[in-house]
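So the chains spell out like this:
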Amino acid sequence: MSDDGAPTRPDPTDRDGGGDPTDRDGGGDPTDRDDVLARYLAERDKRLRADGNEQYLEVTGRLAHYVDDPYVERAERDPVDREVNVAVVGGGFAGLVTGARLREAGVDDVCLIEKGGDVGGTWYWNRYPGAQCDTAAMVYLPLLEETGHMPSEKYTHGPEILEHSRRIARRYGLYDDALLSTEVTDVRWEADSSRWLVSTDRGDAIRARFITLGTGPLHRPKLPGIDGIEDFAGHSFHTSRWDYHYTGGTPDGEPMTGLADKRVGIIGTGATAVQCIPHLAEACGELYVFQRTPSSIDIRNNQPIDPEWFDTLEPGWQRRWLENFTILQTGGIAEEDLVKDGWTDLAKRIRDRALADPNQDFSPESLLRAYHESDDEKMVEIRARVDELVGDPETAAALKPWYRQLCKRPCFHDAYLQSYNRPNVELIDTDGRGVRRITETGIEVDGRHIELDCIIYASGFEVGTDWARRSGFDPLGRDGETLNERWDDGMVSLHGMHVHGFPNAFVIGFSQAANLISNVPHNLVEAATTVTAVITHALGVGADEVETTAEAESAWVARLEAGGRRFGNDPTCTPGYYNNEGQDPGRKGLLNSLGFPDGPVAFFAFIDEWRTNGRFDGLEFRAAGRTIETGTAVAS
Ligand code: NDP
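Nothing here was measured: the structure is a model prediction, and the numbers come from that model.

Asker: How should the state of the cysteines be read in this particular structure?
Answerer: A disulfide bridge is the covalent bond that connects two cysteines by way of their sulfur atoms. This structure, assessed with the given rule, holds one disulfide. Between the sulfur atoms of Cys407 and its disulfide partner Cys573 the distance amounts to 2.0 Å. Every disulfide takes its handedness from the sign of the S-S torsion; for Cys407 and Cys573 that torsion is -80 degrees, giving left-handed. One end of the pair, Cys407, is in the loop between helix H13 (393-398) and strand S12 (411-412); the other, Cys573, is in the loop between helix H17 (550-563) and helix H18 (586-592), with 166 residues separating them in the sequence. Side by side, Cys407 and Cys573 carry an identical accessibility label, which is buried. You can see Cys276 has no disulfide; the closest cysteine sulfur is in Cys284, sitting 9.6 Å from it. Residue Cys284 stays outside any disulfide, its sulfur separated by 7.8 Å from that of Cys454, the closest cysteine. A residue is classified by how much of its surface remains accessible, and Cys284, at 4% relative accessible area, is buried.

Spelled out as structure tokens, the structure:
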């Protein structure tokens, strides 16, 4: 069915979603597009909840132990009192690539501040078994040419990505002055000295000329708001703080022998659970998977990378691969598909369908139709794959996703579905309702109580809550207003990076910029290059302050709002963090998720021109309170 409610023409090649008589298809015909859409809407409606994002618990107070660092012992140290050129907050990819680009440009005195015991960000925390990048390593791992690293596989595993993070830190000397296991607690602008004062939980006082904020989009774990969650007397942890002391084994794949005699429950079946469940299935005495909504599981087809082939790549290859991936993934045309994965395949299907239609007029309506038809085809394949791989028909039926592939993070895995064929694994499908009750000894679903030794929460991360809540500090700007206050009605910025009232501070992210979700590090590498151009220019012209003007900021936000390009706006989608749990995000939510109207490829071209033309339109550089004219070109 098209977006205006008119039925699309039937596709004679359409196969059913499995053809299984026990399939809980709501009584409709799975070969009929109208019935499929009706099923999508019914499944969505089952899951919509009045409490939306509020259903989740903030991991504070009595739950705070769920975010303790299980990987290092916190060593006491004396507080540091220092002046630095740049304080880089966050040691994940955002901070690492920012630090790297600054060092390349000759900016010294860069101090990286990181809550974890080492760099790596999401790859420091997420050490669950099977953790792996979902985007091809050739484009996902930043600075491969600069560091000379060849990824071992098309989709590399967590330990290699963590090691690559360390490689970047070593290569660029970012460990030298780094403050690890150190949480920023307060950041405030000191107008007299034009410095940011950064305070930490170690009692540090760092005065920084510039500050970069790379605290990550999925930074703060969240827990499901299930009755009795605090009553459970067994063991429990969140996937982003994997307790190998309890499970045995290692992130490198050593078997988790500690689970051999354990009854383990895992709550959640998102991208994280899909990667770790095959390993739990092998290790646990009994494994119970508590499912609210099944993920879509497409083919992974991971392959080792051939060193001989890798040696043939010409200098500059990574930039070409990044550009190629972004063009194809966003529906553009390129001579070849270098990455060849599920992301580019998805976009190519839509594009090719649109091009093949003789009546195609490339109007938004006809492109949407091409998208819907391609998606229908893909989801039929995905549901058929469940039947091919899962033996028990009832389990297979429950594992089939009934929504469009991009409603949730698409997953790719070649062992996940087969896990349910093991005798020690049971899928506890809650038919969209989710787990509602945890007891002292286990989990209760539909009147059945399952005794458990351990509960693992694969319940994801906060999205849509305030930036300051997720980051753990709230910068106080020049006018006595905090960033949270400034963004009370939604994010405002120039290029997603500069915020009026917050001179010399730079947000490293993707919102209000390229908003390329399929390969987040690409956004970060570009942002790092941009911030380096701004900082080197400021230092070069002797500016002690650089800030976006209120007019430039408003104009940028107006341009993005008029374009209306954002993620997660399909009203038929099942709830999740992509669409604000199915609730109207309001203007605030819209502002937080806006991207450049012409898409990521256009944004990257735009920002490259902006940072190299020497004008830095929209920024004001000041020295001793006086504006400095710009006009000198700065190399990117
Ligand atoms: P998600 O938010 O995607 O998944 C949370 C899961 O918990 C969902 O299945 C959700 O169900 C379920 N859930 C919540 N409450 C309940 C409840 N009461 N009862 C039962 N189930 C419940 O978190 P993930 O950690 O899986 O993934 C987060 C993101 O991290 C991904 O989307 C992806 O962007 C990223 N990621 C990236 C990887 C990579 O390779 N680059 C690998 C892994 C993750 P429901 O769907 O119904 O809400």
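That was the structure; now back to the text.
Asker: Looking at this model, I keep getting lost on the packing of helix H2 (residues 93-104) against helix H6 (residues 158-171). Mind explaining?
Answerer: The geometry of a pair of packed helices is captured by two quantities: the angle between their axes and the separation between those axes. It is the contact of H2 with H6, at a shortest axis distance of 9 Å, that shows an interaxial angle of 30 degrees. As judged from the angle between their axes, H2 and H6 are roughly parallel. Considering the relative orientation of H2 and H6, their crossing is left-handed. Every residue of H6 that contacts H2 at Phe93, Leu96 and Ala100 is listed here: Ile161, Ser165, Ile168 and Ala169. A class-by-class count of the residues in the contact of H2 with H6 yields six nonpolar, one polar and no charged.

Asker: Please clarify how the side chain of His164 should be interpreted in this entry.
Answerer: Structurally, the position occupied by His164 is in helix H6. Apart from the residues lying within four places of it in its own chain, the contact partners of His164 are Leu141, Pro142, Leu143, Leu144, Thr147 and His149.

Asker: Looking at this structure, how should I read the site of the ligand?
Answerer: In the region of the ligand, 26 residues are neighbours, and Gln132, Asp134, Thr272, Thr293 and Tyr577 sit closest. The separation between an oxygen atom of the ligand and a polar main-chain atom of Thr269 is 3.0 Å. Here Tyr577 contributes a side-chain N or O atom positioned 2.6 Å from an oxygen atom of the ligand. Compared with its free state, where it exposes 920 Å², the ligand has 91% of that area covered by protein. Residue composition of the shell around the ligand, grouped by class: twelve nonpolar, ten polar and four charged. Residue contributions to the shell around the ligand reach at least three from each of two domains, namely domain 1 (81-220 + 463-634) and domain 2 (222-295 + 408-460).

Asker: Mind showing me how you'd approach the packing of helix H1 (residues 33-47) against helix H12 (residues 364-389) here?
Answerer: Running from N to C, H1 and H12 cross one another at 75 degrees; their axes reach a closest spacing of 12 Å. In terms of their interaxial angle, H1 and H12 are classed as roughly perpendicular. Each of Arg33, Val36 and Tyr40 in H1 lies in contact with H12, whose residues at this interface are Glu373, Asp376, Met379 and Arg383. Looking at side-chain class alone, the contact of H1 with H12 contains three nonpolar, no polar and four charged residues.

What counts and what doesn't
- Residues numbered from 1 in each chain as written.
- Predicted model: local features only at pLDDT ≥ 70, side-chain atom pairs only at ≥ 80, totals over all residues.
- Heavy atoms only, no water.
- Disulfide = S-S within 2.5 Å.
- Helix = DSSP H or I, 4+ residues; strand = E, 2+ residues; numbered from the N terminus.
- Buried < 20%, exposed > 50% of the residue type's maximum accessible area, 1.4 Å probe, protein only.
- Axes fitted to C-alpha atoms, helices over the stretch in contact; angles between N-to-C directions.
- Parallel < 35°, antiparallel > 145°, perpendicular 65-115°, else oblique.
- Left-handed = near helix turned anticlockwise from the far one by under 90°.
- Contact = heavy atoms within 4.5 Å.
- Nonpolar A, V, L, I, M, F, W, Y, C, P; charged D, E, K, R; others polar.
- Near = heavy atom within 4 Å.
- Polar contact = N/O pair within 3.5 Å; in protein donor to acceptor, adjacent residues only side chain to side chain.
- Areas by Shrake-Rupley, 256 points an atom, 1.4 Å probe, with all protein chains shown as cover.
- Domains from an automatic or database assignment.

Everything listed is a geometric property; what it means functionally is a separate question.
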